[in-house]
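# Chains, contacts and geometry: an overview
Letter by letter, the chains look like this.
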There are 4 protein chains.
Amino acid sequence: MSFDIIRSGRAILHVTDLEASKKFYDALGFIETESDEKQVFLRGLEEHNHHSLLLKEKETPALEVISYKVRSENDLDKLASKLQNDGNEVKWLEEGEQKAVGRAFRYQDISGLPVEYYAQMETVERKLQQYDLYKGAKVQRIDHFNCNVPDVEQAYNYYIDELGFACSEYTAGEEDKIWAAWLHRKPSVHDVAYMNGVGPRLHHVGFWLKDPMSLIDGCDVLASMGYGPNIERGPGRHGLSNAFFLYLRDPDGHRIELYNGDYLTSDPDFKPIRWELDDPMRQTFWGHEAPDSWFNEATEVLNVHSNEKVKLKEPKLKKRKPTFVI
Amino acid sequence: MSFDIIRSGRAILHVTDLEASKKFYDALGFIETESDEKQVFLRGLEEHNHHSLLLKEKETPALEVISYKVRSENDLDKLASKLQNDGNEVKWLEEGEQKAVGRAFRYQDISGLPVEYYAQMETVERKLQQYDLYKGAKVQRIDHFNCNVPDVEQAYNYYIDELGFACSEYTAGEEDKIWAAWLHRKPSVHDVAYMNGVGPRLHHVGFWLKDPMSLIDGCDVLASMGYGPNIERGPGRHGLSNAFFLYLRDPDGHRIELYNGDYLTSDPDFKPIRWELDDPMRQTFWGHEAPDSWFNEATEVLNVHSNEKVKLKEPKLKKRKPTFVI
Amino acid sequence: MSFDIIRSGRAILHVTDLEASKKFYDALGFIETESDEKQVFLRGLEEHNHHSLLLKEKETPALEVISYKVRSENDLDKLASKLQNDGNEVKWLEEGEQKAVGRAFRYQDISGLPVEYYAQMETVERKLQQYDLYKGAKVQRIDHFNCNVPDVEQAYNYYIDELGFACSEYTAGEEDKIWAAWLHRKPSVHDVAYMNGVGPRLHHVGFWLKDPMSLIDGCDVLASMGYGPNIERGPGRHGLSNAFFLYLRDPDGHRIELYNGDYLTSDPDFKPIRWELDDPMRQTFWGHEAPDSWFNEATEVLNVHSNEKVKLKEPKLKKRKPTFVI
Amino acid sequence: MSFDIIRSGRAILHVTDLEASKKFYDALGFIETESDEKQVFLRGLEEHNHHSLLLKEKETPALEVISYKVRSENDLDKLASKLQNDGNEVKWLEEGEQKAVGRAFRYQDISGLPVEYYAQMETVERKLQQYDLYKGAKVQRIDHFNCNVPDVEQAYNYYIDELGFACSEYTAGEEDKIWAAWLHRKPSVHDVAYMNGVGPRLHHVGFWLKDPMSLIDGCDVLASMGYGPNIERGPGRHGLSNAFFLYLRDPDGHRIELYNGDYLTSDPDFKPIRWELDDPMRQTFWGHEAPDSWFNEATEVLNVHSNEKVKLKEPKLKKRKPTFVI
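Looking at an unreviewed UniProt entry, one finds chain A named 3,4-dihydroxyphenylacetate 2,3-dioxygenase, with Halobacillus naozhouensis as its source organism. For the record of chain A, the UniProt heading Sequence similarities (unreviewed entry) holds the text "Belongs to the extradiol ring-cleavage dioxygenase family." Quoted verbatim from the Subunit (unreviewed entry) heading of the UniProt record, the comment on chain A is "Homotetramer."

## Examining the pairing of strand S7 (residues 104-108) of chain A
Residues and elements named next belong to chain A. In terms of residue burial, S7 counts as a mostly covered element, since five of its five residues are buried. The side-chain alternation of S7 yields two buried faces, one formed by Ala104, Arg106 and Gln108 and the other by Phe105 and Tyr107. Alignment of strand S6 (residues 91-93) against S7, held across three bridges, turns out to be antiparallel. Its bridge partner being in S7, Lys91 is matched across the sheet by Arg106. Here five bridges tie S7 to strand S8 (residues 114-118), and the two strands are oriented antiparallel to one another.

## Examining the relation of the copies chain B and chain C
For the pair chain B and chain C, the superposition axis carries a translation of 0.0 Å, the fit reaches an RMSD of 0.0 Å, and the rotation angle comes to 180°. Both chain copies can therefore be described as sitting about a two-fold axis. When C-alpha distances to the rotation axis are compared across chain B, the minimum falls at B:Asp211, with a value of 2.7 Å.

## Some remarks on the interface of chain B and chain C
Each partner contributes residues to the interface: chain B has 37 residues there, and chain C has 37 residues. Carbon and sulfur atoms make up 51% of the area that chain B and chain C hide from each other, which totals about 3000 Å². Applying the counting criterion to the chain B and chain C interface returns six salt bridges. Our count for the chain B to chain C interface comes out at 22 residue pairs in polar contact (both at pLDDT 80 or more). Within the residue set of the side of chain B that touches chain C, elements represented by two or more residues are strand S1 (5-15) and strand S17 (273-276) of chain B. Taken together, the residues that form the side of chain B that touches chain C break down as 13 nonpolar, nine polar and 15 charged.

## Observations regarding the relation of the copies chain D and chain A
To go from the first copy of the chain to the second, apply a rotation about an axis and then a shift along the same axis. With an RMSD of 0.0 Å, chain D superimposes on chain A once it is rotated by 180° and translated 0.0 Å along the axis. When the interface residues of chain D are mapped onto chain A, 100% of them again lie at the interface, so the same face is used by both copies.

## Topic: the confidence of the model for chain A
Predicted confidence across chain A gives a mean pLDDT of 94, with 96% of residues reaching 70 or more. For this predicted complex, the interface score ipTM comes out at 0.95, alongside a pTM of 0.96.

## Quick look at the sheet that holds strand S8 (residues 114-118) of chain B
All names here are of chain B. Pairing is mixed across the open sheet formed by eight strands, whose spatial order is S2-S3-S4-S1-S5-S8-S7-S6. The open sheet has two free edges, formed respectively by strand S2 (31-35) and strand S6 (91-93), since each of these has just one partner strand. In this sheet, adjacent strand axes meet at a mean angle of 25° when their direction is disregarded. The pairing of S2 with strand S3 (residues 39-43) spans four bridges and is classified as antiparallel. Residue Ile31 lies in a different strand from S3, and its bridge partner there is Arg43.

## Topic: the interface of chain D and chain A
Taken together, the 37 residues of chain D in the interface contact 37 residues of chain A. Summed over both sides, the interface between chain D and chain A buries roughly 3000 Å², with carbon and sulfur atoms accounting for 51% of that surface. At the junction of chain D with chain A, the criterion picks out six salt bridges. We note a salt bridge from D:Asp269 to A:Lys69, for which the minimum N-O separation is 2.8 Å. Our count for the contact surface shared by chain D and chain A stands at 22 residue pairs in polar contact (both at pLDDT 80 or more). Of all the secondary-structure elements, those providing two or more residues to the side of chain D that touches chain A are strand S1 (5-15) and strand S17 (273-276) of chain D. Taken together, the residues of the side of chain D that touches chain A break down into 13 nonpolar, nine polar and 15 charged.

## As for the sheet that holds strand S5 (residues 62-70) of chain A
Residue and element names in this part refer to chain A. Ordered in space as S2-S3-S4-S1-S5-S8-S7-S6, the eight strands form an open sheet in which the pairing is mixed. The open sheet terminates on both sides in strands that have one partner only, identified here as strand S2 (31-35) and S6. Averaged over neighbouring strand pairs, the angle between their axes works out to 25° when direction is ignored. With respect to the sheet, helix H1 (residues 18-28) is in contact with strand S1 (5-15), S2, strand S3 (39-43) and strand S4 (53-57), its orientation differing from that of S4 by roughly 155°.

## A short note on the pairing of strand S10 (residues 166-172) of chain B
All names here are of chain B. Among the seven residues that make up S10, six are buried, leaving the element largely enclosed by the rest of the structure. Of the pairings in the sheet, the one linking S10 to strand S11 (residues 178-184) comprises six bridges and is antiparallel in character. Opposite Ala172, over in S11, you have Ile178 as the bridge partner. Here S10 folds back onto S11, and the loop between the two strands holds five residues, one of which, Glu175, carries a positive phi near 50°. As paired elements, S10 and S17 share four bridges and run parallel to each other. Opposite Glu169, over in S17, you have Ile273 as the bridge partner.

## Digging into the domain arrangement of chain A
Residue and element names in this part refer to chain A. Per the domain assignment, the segments making up chain A are domain 1 (5-118) and domain 2 (136-300). Centre-to-centre separation of domain 1 and domain 2, based on C-alpha positions: 19 Å. Carbon and sulfur atoms make up 65% of the area that domain 1 and domain 2 hide from each other, which totals about 3600 Å². Sorting the residues of domain 1 by area buried against domain 2 places Phe24, Leu28 and Ile110 first, and these three jointly supply 19% of that buried surface.

## Details of the environment of B:Gln120
Residue and element names in this part refer to chain B. Relative to the assigned elements, Gln120 resides in the loop between S8 and strand S9 (141-149). According to the relative accessible area criterion, Gln120 is partly exposed, its value standing at 44%. With 47 residues separating them along the chain, Gln120 and Glu73 place their C-alpha atoms 7.9 Å apart. Filtering out sequence-adjacent residues up to four positions away, Gln120 remains in contact with Glu73, Ala100, Val101 and Gly102.

## Concerning the UniProt feature "domain: VOC" (unreviewed entry) in chain A
Within this structure's numbering, the places UniProt gives as "domain: VOC" (unreviewed entry) are residues 7-120 and 141-261 of chain A. Each end of residues 7-120 of chain A is marked by a C-alpha atom, and these two atoms are 12 Å apart; helix forms 21% of the span and strand 40%.

## Observations regarding the nonpolar core
Residues A:Tyr117, B:Tyr117, C:Tyr117 and D:Tyr117 are the most contacted members of the largest nonpolar core, which totals 392 residues. Not counting the four nearest positions on each side in its chain, C:Tyr117 is found in contact with C:Ile5, C:Tyr68, C:Val70, C:Leu76, C:Leu79, C:Leu83, C:Arg103, C:Ala104, C:Phe105, C:Tyr107, C:Tyr159 and C:Leu163.

## Re the packing of aromatic side chains
On inspection of all chains with the given rule, the structure shows 72 aromatic pairs over all chains. Measuring from ring centre to ring centre gives 6.1 Å for B:Phe244 and B:Trp286, while their planes differ by 45°; the resulting arrangement is tilted. Within this pair, whereas B:Phe244 is found in strand S15 (residues 244-249), its partner B:Trp286 is found in the loop between S17 and helix H5 (292-296), the two being separated by 42 residues in sequence. Of the residues examined, B:Trp286 reaches a relative accessible area of 1% and is grouped as buried. Among the aromatic residues, those joined into a cluster by ring pairs are A:Tyr68, A:Trp92, A:Phe105, A:Tyr117, A:Phe145, A:Tyr158, A:Tyr159, A:Phe165 and A:Tyr194. Taking NZ or CZ as reference, A:Arg233 lies 4.6 Å from the ring centre of A:Trp294, over its face.

Parameters at a glance
- Residues numbered from 1 in each chain as written.
- Chains lettered and ligands numbered in written order.
- Predicted model: local features only at pLDDT ≥ 70, side-chain atom pairs only at ≥ 80, totals over all residues.
- Heavy atoms only, no water.
- UniProt positions renumbered as here; feature names shortened; annotations may be inferred.
- Buried < 20%, exposed > 50% of the residue type's maximum accessible area, 1.4 Å probe, protein only.
- Helix = DSSP H or I, 4+ residues; strand = E, 2+ residues; numbered from the N terminus.
- Pairing = 2+ DSSP bridges.
- Least-squares fit on C-alpha atoms with pLDDT ≥ 70 in both.
- Contact = heavy atoms within 4.5 Å.
- Buried area = accessible area lost by both parts, 1.4 Å probe.
- Salt bridge = Lys/Arg side-chain N within 4 Å of Asp/Glu carboxyl O.
- Polar contact = N/O pair within 3.5 Å; in protein donor to acceptor, adjacent residues only side chain to side chain.
- Nonpolar A, V, L, I, M, F, W, Y, C, P; charged D, E, K, R; others polar.
- pLDDT = per-residue confidence, 0-100.
- Axes fitted to C-alpha atoms, helices over the stretch in contact; angles between N-to-C directions.
- Domains from an automatic or database assignment.
- Core = buried A, V, L, I, M, F, W, Y, C linked by side-chain atoms within 4.5 Å.
- Phe/Tyr/Trp six-rings, centres within 6.5 Å; stacked < 30°, edge-to-face > 60°.
- Lys NZ or Arg CZ within 6 Å of the ring centre and 35° of its normal.

What follows is the structure in structure tokens.
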């Protein structure tokens, strides 16, 4: 590739009650970089970039865009050209149009997801060693996006062959088709995962924690503050990815994963790990089954050109809920 | 009282496959003090007494007895007299009749549970500082018994008024009746808990862990060894008792709780904490609902005189499964 | 004994800058029950009694008194009589004389330490499940006092034979004399420890933490807030007591131990563990040697009658700093 | 650069008693991939490559080589050419000459350190999810090398300008000269660090742990097995790198760091963090001063051509032991 996508960078979520959202994410331990009446910019404790989560108050909950950071302005231009050559309509946002972010472009990716790329984001003071600011689950940094898409193989092929992502683990379903895949640019398990399902939808945004106790602390603090019902699934261990996980629903139902575990995937000779969809040995490594809401509910996404909700499609693979719980 | 019951001491469980049970409890991190073809004596890492869990191979799974340690032989005699005066038939086991345990007596308590008292147990080397022996969930010591009984108030009144137990927390049900109660002699949340239900049955034996991470480690090790399906509930936090808990089912279905949290209950001015059975705010502090098996299944108990299973009775309070999950 | 001492209850320390002290103990994670210009009442997260640490602003740092809680007013009277019969001058403080504490009496104990007994302290709301208030090292409850005394054996004999304490562990020094001893009423390793040294002085007050990570978190938070130099020793593991420990010096140099580990000492057949003072195998279980300040510096104590500092005496055993580090 | 160095890959250490070394590293929690009479191949729990630490029994303790993994055979050839063009004598080891490793070349780098590059290493089964094999400190993967070199700036410039490393953090000393620098290829704090000192010597090899409790567990297990004296420094928190660290000396005195903390350094706009050598605020974040041995002692290194020990040089910057403790 002549361009270098570095990592998942930020998500922009529409929320219906900014104050309620601010309170929730503050309880979780996010740092508020800045905010005004209509939006709040949040980041994790180790993040030196301005934000990794931007919440905008709107009438309807939705995903505005998921964003990746590329190495340089030159990478950005080359990537835009490549995508246009592949038939995509690209929408540029010039420097100054978005707070704290440099030039960026958005488009609807092969799965219909609203995706943005940028090379520069304002840097701010890192709070990593201000332990007196740590609270809740002590959210450390953005880790990944997880999306429901109707055709996982199509997304898998494009991101690997055309965009240079690598696969760490995947789930094989009917007729050996890929039911779900974990893809990365940074050498962790993933920057983005695709799961077979009604889509395109955002299943969750994953944030990385420094250790398992931060996740337990997060549960206790959230419960103390009345957010017990927002805990949807976990804590538990995923077989796939080895993550110690917790899934939360924010006040608008957007799903956040708190995530610890992971491993280094830097090596070209790392062989993607295959899991069978229905192999009972591949279930959640330990702990309970996921609730139905975890399989059925997700955040709808917007068209980057029209700002309308993208129409949902049924998934190509029929089985929506595996015995194997991702 | 003229006698001093110190603490819950041991449980004797009948298991149907001693080898399978030994493997399971070894994985959990118990220390095997000794064993022969028909029984195995297990203890936790800090225990200086010979055992806190005795498994005997028999044809049918059952609880043979739950045992409390009293201060001295004199306390033992006084307690036996008191119970006989109250109309109970007491069965003495002289020194030498039971391995590692001194004189003891057994009787069927007010709830029909098989209960034993003893003053002396052989002491052995404590493994607390042999950290190279720590494994699994690093079980540290016995903590409590939890029993389903048909009439919780009757048990509550007898143990408090006649035997000198104190109540740390309780759940109030229909017409302000006590639906469940946590009673202690040692200054922890409990040595024994009674829950309204078909009984008398043993719901679980609880073992104390040194920290929350030992519980997480226990989940991972058990799952690695194929014991994932033995994890019935948790990890989670109980509102009542504040315990960080995990419930396991051993190969015969006996339920074991791994337990960390607790607090000191030494003070006479500690006021028992009341929880409403159906108050939605009193549910499991965070995490998932308990599975039905947790409410419906328990270990049947033996008559100390006949060695027959004790006949089960329906509970006095009708509601068996609260919204409030204990 | 005809009286029942329940546990170590509180310490009263004189500090020279109340604001500086408030800030330090707040950073550590204490809950402030109440305060005025001249004093602050602090407690741990699980404590239902009004306070376990009372700081009074005075011109000179000192220990005013260490206090034990007894079971009832009757126990208090019997204990006072016993001590008077043994030749001690007892000073009564009637109800109302001290904030939040009932009738109490003070005297200079056999080592010259200012000791107080009381049966009642006002109860307040426990913060155990308000995890959103947890911070710093999340101090949970008072655990013990540790004192330097010139004659450990004298203190040991009186507390065990006359006051009903039990010994969990001890260090044997020259000619088999007891160099240090850990004594308890509640079934933990100790309510009070005596170490051979220039005294009577208060070496430290120990507070119990719920788990090892709270101690690590405490280090990070204290360091972030500029209290790094207040960390005197640790984190490390004591061989004796098995405690995972951290020693801090407050702004006046009073020493606080954060303490996690411990074990249950409820049983009359628990045999006190003997450690040799100079056995190299008995050193700090792992980690560094204690700094000299830990051996040489301690808090001077007041006479309960004159409010003057108690004159210091040289220890009976010559060796002040063992190879064995307690 | 036309070549891509992926990460630090392995170290080869000479030890004088292979059995003693095997026992030590086994206690630490390394997985033994294979061994014979003269060598043992070790790896961490998540490593899918054959080994990250190779111990060879020899008469004298020494570092044979530190090795980096490159992306492909093509990268390997280009890198060798570049180094030869820069005047370095390169020694090739063809496939089959070294167990489990493909073609490789070695040379003496700009600091005189023996360095190896390879593209391929045999893959083996990852043990990440066999939690029943976890023990000791549960060593997860190799993280970095730390070396004493006489001229840090020279090494810094060559590795950054010529080999494509990036700097995460550095210490500025006399006249603004770089006293120490942390350089990385994988997006962590470092693959290699250089510290001003008598050299070239290997200061330590760092291994990554999954969480802080694994480090505490490691201390306890090592101490239980008699390895307490092998704990040289820690546990503590580095200000620089934010690592929660423990330094151990193996039976030959080779230094191993157990390391947890770190952060993601993927971004080109991450600004290297500057620390002043003597700023008292930059000392160890909390905890004790490092012992003198930590500053003075290190492993001598071999010449890759002659197998003789490389002659040591005095450092260019005079100050060897900063107030600031790295």
